[in-house]
Amino acid sequence: MLLHQEPVVMKSPKGERKFLGYTLAFLFAAGAFFSGLQLGHYGTLADQKANILSFLLPASANDSTEPDLTEFWKVWGLLEEKYSTASSTEQVSVEERIQGAISGLVNSYGDPYTVFLPPVDAAQFEEDISGNFSGVGMEVGLREGLVTIIAPLPDTPADKAGLLAGDVITKINETSTENMGIDEAVRLIRGEKGTQVTFTIFREGQLDFLTITVTRDNIDIPTVKTEQVGDTFIISLYSFNALSEAKVRDALQEFSSSNSEKLVLDVRGNPGGYLQSAVAIASYFLPSGKVVVREQSGGIEEEKIFRTNNRQVREFTKENLVVLVDNGSASASEILAGALKDHGVATIIGSATFGKGSVQELVELDDGSSLKVTVARWFTPNGVSISDGGLAPDILIERTPTQRMADEDPQREAALRFLRGETVASEDTTTEPGQ
């Protein structure tokens, strides 16, 4: 998840537009991955009808640019004429039918992060992003249409219960996640502190589905942890929140005092956060003025380029700096790793990142509903799309679920060996299991 911070408010002609920094859908937040979420508001009811509901009006025969909605209205009329309501079925209101039509239109774009929120869901979403929530302490996303755990945070209920990055959630309590959107999944997972939620999990390498019950709690989001192993200093960065820049600066000062010349920056399991935090932290590793990330929208706006400022603490090279990544590294983590990789100051070790490189704008409508729509995508300095399969490491080292459960860490060991000057080769992923 990637979020703009700005001090968090910008004005637009039709109300406020806020750049938020936390989906941390950590399953206590709401909307897993609304990178760079922007909040706006569409003026009057007349404006709303013109912008959102006009697709329900019959197209003018003289306007070839308007969609032909003949079949839509034919189906609407047939349902009005022929549909028989069962005794146990409530009559569907016109408003519900319109909201259903809008939802279908939005879903047709095939983007899991572009979502229509009816009034009740929009109100819940507002509560979530305001920070008034508790949950299990992990973030989810859609991978190949499946609700997948991106990263459980350290020492949270999800982590302690044994949930892992890459786990596919097939049921939340007794509700199947088939064809389920992320926002709905998050709503089912979040809840009051002390209550329980049960997950049915498919885990790669397991023959049977797993059933894991987690007790919800208030989530204390960790930021940075440091340690030294031999002559190598390790900084583990867990999120890109408002404190991350200062915490990383302090950690780098500790690194300088350690007299070590070798550094591991571990962003595995880090689902992202503020864009500004990623840019500021990249500035500690790169000279001033270097491109950190490129933002491209689908419209006619020019590409936005975010550059480092004058904060570099020392010169790093691919021989003395390793960035550890995995499939739980997302959004801001991918931006930071991609920038350090493209500028040749770090060696990236681990597995492919999650691939969350998009920005969503939240448009509030006058009937209380909202539209969360993808408005831009992120690219590395060299133009690599972060959304297109994530970032590939320089040295591919996998970490299996079995190794995670046994607290074995071949990725970290590979980083330490590499910094000792040993030759570390990528694993051969073409070999079939058992060979």
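Residues numbered from 1 in each chain as written. Predicted model: local features only at pLDDT ≥ 70, side-chain atom pairs only at ≥ 80, totals over all residues. Heavy atoms only, no water.

Asks: Give me unusual backbone geometry: which residues, what numbers.
Replies: Even without being glycine, Asn173 reaches a positive phi, approximately 55 degrees. Residue placement: Asn173 occurs in the loop between strand 8 (168-172) and strand 9 (175-176). In this model, Asn179 sits at a positive phi of 60 degrees, which is unusual for a non-glycine residue. Mapped onto the elements of the fold, Asn179 is located in the loop between strand 9 and helix 6 (182-189). (Helix = DSSP H or I, 4+ residues; strand = E, 2+ residues; numbered from the N terminus.)

Asks: With reference to specific residues and values, describe the pattern of salt bridges.
Replies: Counted according to the given criterion, the structure contains 18 salt bridges. Put simply, Asp217 and Lys193 hold a salt bridge, and the shortest N to O gap is 3.8 Å. Taken together, the residues Asp217 in the loop between strand 11 (210-215) and strand 12 (224-229) and Lys193 in the loop between helix 6 and strand 10 (196-202) connect sequence positions 24 residues apart. Note on Asp217: relative accessible area 29%, which makes it partly exposed. On the accessibility criterion, Lys193 (52% relative accessible area) is exposed. Across the pair Arg268 and Asp266 runs a salt bridge whose closest N-O atoms are separated by 2.9 Å. (Salt bridge = Lys/Arg side-chain N within 4 Å of Asp/Glu carboxyl O. Buried < 20%, exposed > 50% of the residue type's maximum accessible area, 1.4 Å probe, protein only.)

Asks: Residues and numbers for the confidence of the model for the protein chain, please.
Replies: Averaged over all residues, the pLDDT of the protein chain equals 81, while 80% of them reach at least 70. Contacts from residues 1-62, a stretch scored under 50 in pLDDT, to residues over four places away or in other chains number 225 contacts. Within the model, the stretch residues 431-435 combines pLDDT values under 50 with 0 contacts to residues more than four positions away or in other chains. (pLDDT = per-residue confidence, 0-100. Contact = heavy atoms within 4.5 Å.)

Asks: Which residues make up the sheet that holds strand 13 (residues 232-237), and what values go with them?
Replies: Taken in spatial order, the 6 strands line up as 12-13-14-18-19-22 in an open sheet, and their pairing is mixed. Pairing within the sheet leaves two strands with one partner each, and these edge strands are strand 12 and strand 22 (395-396). Note that strand 18 (residues 321-325) and strand 19 (residues 347-350) share 4 bridges and pair parallel. Looking across to strand 19, one finds that Leu324 is bridged to Ile349. Across the sheet, helix 9 (residues 332-342) is in contact with strand 14 (262-266), strand 18 and strand 19; its angle to strand 18 comes to roughly 145 degrees. Packed on one face of the sheet, helix 11 (residues 410-419) meets strand 12, strand 13, strand 14, strand 18, strand 19 and strand 22 and runs near 170 degrees to strand 18. (Pairing = 2+ DSSP bridges. Axes fitted to C-alpha atoms, helices over the stretch in contact; angles between N-to-C directions.)

Asks: Could you give me a rundown of the pairing of strand 21 (residues 370-379), with the residues and numbers involved?
Replies: When a strand is regular, its side chains alternate between the sheet's two faces. Here strand 21 lies mainly inside the structure; 7 of its 10 residues are buried. Across 3 bridges, the pairing between strand 5 (residues 115-117) and strand 21 is antiparallel. If you follow Val115 over to strand 21, its bridge partner there is Lys372. Of the pairings in the sheet, the one linking strand 16 (residues 291-297) to strand 21 comprises 4 bridges and is antiparallel in character. Of the residues in strand 21, the one forming a bridge with Ser297 is Ala376. Note: strand 20 (residues 358-364) against strand 21, 7 bridges, orientation antiparallel. The partner of Val359 across the bridge, within strand 21, is Ala376.

Asks: Any details on the packing of helix 7 (residues 244-257) against helix 8 (residues 275-283)? Residues and values, ideally.
Replies: Orientation of helix 7 relative to helix 8, taken along the N-to-C sense of each, is 20 degrees, at an axis distance of 9 Å. It follows that helix 7 is roughly parallel to helix 8 by the angle criterion. Note that helix 7 runs across helix 8; the crossing there is right-handed. Every residue of helix 8 that contacts helix 7 at Ser244, Glu245 and Val248 is listed here: Ser277, Ala280 and Ile281. Of the residues in the contact of helix 7 with helix 8, the class split is 3 nonpolar, 2 polar and 1 charged. (Parallel < 35°, antiparallel > 145°, perpendicular 65-115°, else oblique. Left-handed = near helix turned anticlockwise from the far one by under 90°. Nonpolar A, V, L, I, M, F, W, Y, C, P; charged D, E, K, R; others polar.)

Asks: Lay out the nonpolar core in plain terms, naming residues and giving numbers.
Replies: Leu252, Leu263, Leu265, Phe285, Val323, Ile335 and Leu340 are the most contacted members of the largest nonpolar core, which totals 39 residues. Counting only elements with at least two residues in this core, the list comes to strand 13, helix 7, strand 14, helix 8, strand 16, strand 18, helix 9 and strand 21. When residues in this core are grouped by element, the largest group, 6 residues, is from helix 9. Those residues in contact with Phe285 that lie beyond four places of it in its chain are Leu252, Leu263, Leu265, Gln312, Phe316, Leu321, Leu340 and Val345. (Core = buried A, V, L, I, M, F, W, Y, C linked by side-chain atoms within 4.5 Å.)

Asks: Which residues make up the environment of Glu315, and what values go with them?
Replies: Residue placement: Glu315 occurs in the loop between strand 17 (304-307) and strand 18. The sequence separation of Glu315 and Phe285 amounts to 30 residues, and the corresponding C-alpha distance is 7.0 Å.

Asks: Lay out the packing of aromatic side chains with the relevant residues and their values.
Replies: Here the structure, examined in full by the defined rule, presents 8 aromatic pairs. Aromatic side chains Phe72 and Trp73 sit 5.2 Å apart centroid to centroid with 90 degrees between the ring planes, which places their arrangement in the edge-to-face category. Grouped by ring-pair contacts, the aromatic residues Phe233, Phe255, Phe285 and Phe316 constitute a single cluster. Positioned over the ring face of Tyr113 is Lys356, at 4.6 Å from the centre of the ring. (Phe/Tyr/Trp six-rings, centres within 6.5 Å; stacked < 30°, edge-to-face > 60°. Lys NZ or Arg CZ within 6 Å of the ring centre and 35° of its normal.)

Asks: Could you give an account of the pairing of strand 12, naming the residues involved and the relevant values?
Replies: Sheet topology note: the strand 12/strand 13 ladder contains 6 bridges and is antiparallel. Across the sheet, the residue bridging to Thr226 is Ile235, located in strand 13. Linking two consecutive strands that pair antiparallel, namely strand 12 and strand 13, is a turn of 2 residues; a positive phi of about 65 degrees is found at Gly230 within it.

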